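# Summary of structural features
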Amino acid sequence: MMRSLSLAAALASLSVPALAQVHITEWMYQGNGGEFIEFTNLGTEPVDFTGWSYDDDSRLPGVFSLSGFGTVAPGESVLITENPSAADFRAAWGLADAVKVLAGYTNNLGRNDEINLFDASGALVDRLAYGDQNFPGTPRTQNSSGTPTSLQALGAFTVEPGGWVLSVSDDAYGSWFSPAGDVGNPGVFALSPIPEPGSVALLLAGLGLVGAAVRRRA
């Protein structure tokens, strides 16, 4: 069954500069349907991904272009996958065509690796160093994706125990099993409760509340 995005954006009334608040919000390595990485725009303004790129632990801007995402709306989640076909990846997870997917990256993730997101200038936007061996007590995201437990977890450059958990079917994040046997919630981002503003002041840059993407059955 197809799933589509229902964007519920509750934005602060404060007038603040438009900042790129894009973060790594989910990942899975060696999934049966192709590993994937999810990025979400948690800011109040659209973000133009032209010239943006992804790399793993080699930390090199420009390795895999994210320009194909175009403009990413506030609250929107987008995906990259090693699956050579975006259509096949969507079919594997029952995602609507509206979910933006870039397929065929070849700098594949390992059990212990990094995810690096760069903007058009080559500046680092976000990093996630992960691995159950390198960081004992953190999830091993093989066939089950890693999902953050709080916005504070998104502000850290490394996975920490308790900061990320494995997706479980019908969990609080709306995760589901794919026909291939993977479990996750790719293409959507639902996180509650919102942490105290003081603890994520830098992350939210003046926002009192961020939009959350929730899935609904089409």
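Summarised in this report is the structure supplied together with it. (Residues numbered from 1 in each chain as written. Predicted model: local features only at pLDDT ≥ 70, side-chain atom pairs only at ≥ 80, totals over all residues. Heavy atoms only, no water.)

This next bit is on the nonpolar core. Formed by 32 residues in total, the largest nonpolar core has its most connected members in I37, F39, L66, I80 and I115. Breaking this core down by element, the ones donating at least two residues are β2 (22–28), β3 (36–41), β8 (77–81), β10 (113–118), β11 (124–130) and α2 (151–155). With sequence-adjacent residues up to four places away left out, I80 is seen in contact with E35, F36, I37, F39, Y54, F64, L66, F69, L102 and Y105. Within the second largest apolar cluster, 11 residues are counted, among which are M28, L79, A92 and W176. (Core = buried A, V, L, I, M, F, W, Y, C linked by side-chain atoms within 4.5 Å. Buried < 20%, exposed > 50% of the residue type's maximum accessible area, 1.4 Å probe, protein only. Helix = DSSP H or I, 4+ residues; strand = E, 2+ residues; numbered from the N terminus. Contact = heavy atoms within 4.5 Å.)

Here the focus is the environment of T141. Following the sequence through the fold, T141 ends up in the loop between β11 and β12 (146–148). Spatially, the C-alpha atom of T141 lies 9.9 Å from that of E26, the residues being 115 residues apart in sequence. With near-sequence residues (within four places) excluded, T141 lies in contact with W27, M28, Y29, G146 and L166. Here the side chain of T141 touches W27 through a polar contact of 2.9 Å, side chain to side chain. (Polar contact = N/O pair within 3.5 Å; in protein donor to acceptor, adjacent residues only side chain to side chain.)

Turning our attention to unusual backbone geometry. For R59, which is not glycine, the phi torsion reads 60° and is therefore positive. Here R59 shows up in the loop between β5 (53–55) and β6 (64–65). Overall, R59 belongs to the partly exposed group, its relative accessible area being 40%. Even without a glycine there, the phi angle at N143 is positive, about 70°. Position of N143 relative to the elements: it lies in the loop between β11 and β12. Residue class for N143 comes out partly exposed when judged on its relative accessible area of 23%.

A word on the pairing of β3. Counting buried residues in β3 gives six out of six residues, a clear majority hidden from the surface. Along β3, one buried face is formed by F36, E38 and T40 and the opposite face, lined by I37, F39 and N41, is buried too. Bridging between β3 and β8 involves five bridges; their strand directions are antiparallel. Residue pairing in the sheet places F36 in a bridge with T81 of β8. (Pairing = 2+ DSSP bridges.)

Moving on, we come to the environment of W176. Take W176: it is sitting in strand β14 (residues 176–177). Of the residues examined, W176 reaches a relative accessible area of 4% and is grouped as buried. Through-space distance from the C-alpha of W176 to that of P186 is 9.4 Å; in sequence the pair is 10 residues apart. Within polar-contact distance, the side chain of W176 engages the backbone oxygen of W93 at 3.1 Å.

Moving on to the packing of aromatic side chains. By the definition in use, this model includes nine aromatic pairs. Here the aromatic rings of W27 and Y130 are separated by 4.9 Å at their centres, their planes lie at 45°, and the arrangement is tilted. You can see W27 sitting in strand β2 and its partner Y130 sitting in strand β11, a full 103 residues away along the chain. You can call Y130 buried: its relative accessible area is 1%. Between the aromatic rings of W93 and W176, the centroid separation amounts to 6.0 Å while the plane-to-plane angle is 80°, which identifies the pairing as edge-to-face. Remark: W176 occurs in strand β14 and W93 occurs in helix α1 (residues 86–93); sequence separation between them is 83 residues. (Phe/Tyr/Trp six-rings, centres within 6.5 Å; stacked < 30°, edge-to-face > 60°.)

Here the focus is the sheet that holds β11. Taken together, four strands build an open sheet; the order of strands is β6-β5-β10-β11 and the sheet is antiparallel. Unpaired on one side and paired on the other, β6 and β11 mark the two borders of the sheet. Relative to β10, β5 is paired through three bridges, and the arrangement is antiparallel. Bridge assignment links D55 to a residue of β10, and that residue is N116.

Within the structure shown, the criterion is met by four salt bridges. In this structure, E114 engages R59 in a salt bridge whose closest nitrogen and oxygen atoms are separated by 2.6 Å. On the criterion of sequence distance, the pair formed by E114 in strand β10 and R59 in the loop between β5 and β6 is long-range, its members being 55 residues apart. Residues K100 and E76 are paired through a salt bridge, measuring 3.6 Å at the closest nitrogen-oxygen approach. With K100 in the loop between α1 and β9 (101–103) and E76 in the loop between β7 (71–72) and β8, this pair connects stretches of sequence that are 24 residues apart. Of the residues examined, K100 reaches a relative accessible area of 24% and is grouped as partly exposed. Within this structure, R59, E114 and R127 form a network of salt bridges that share partners. (Salt bridge = Lys/Arg side-chain N within 4 Å of Asp/Glu carboxyl O.)

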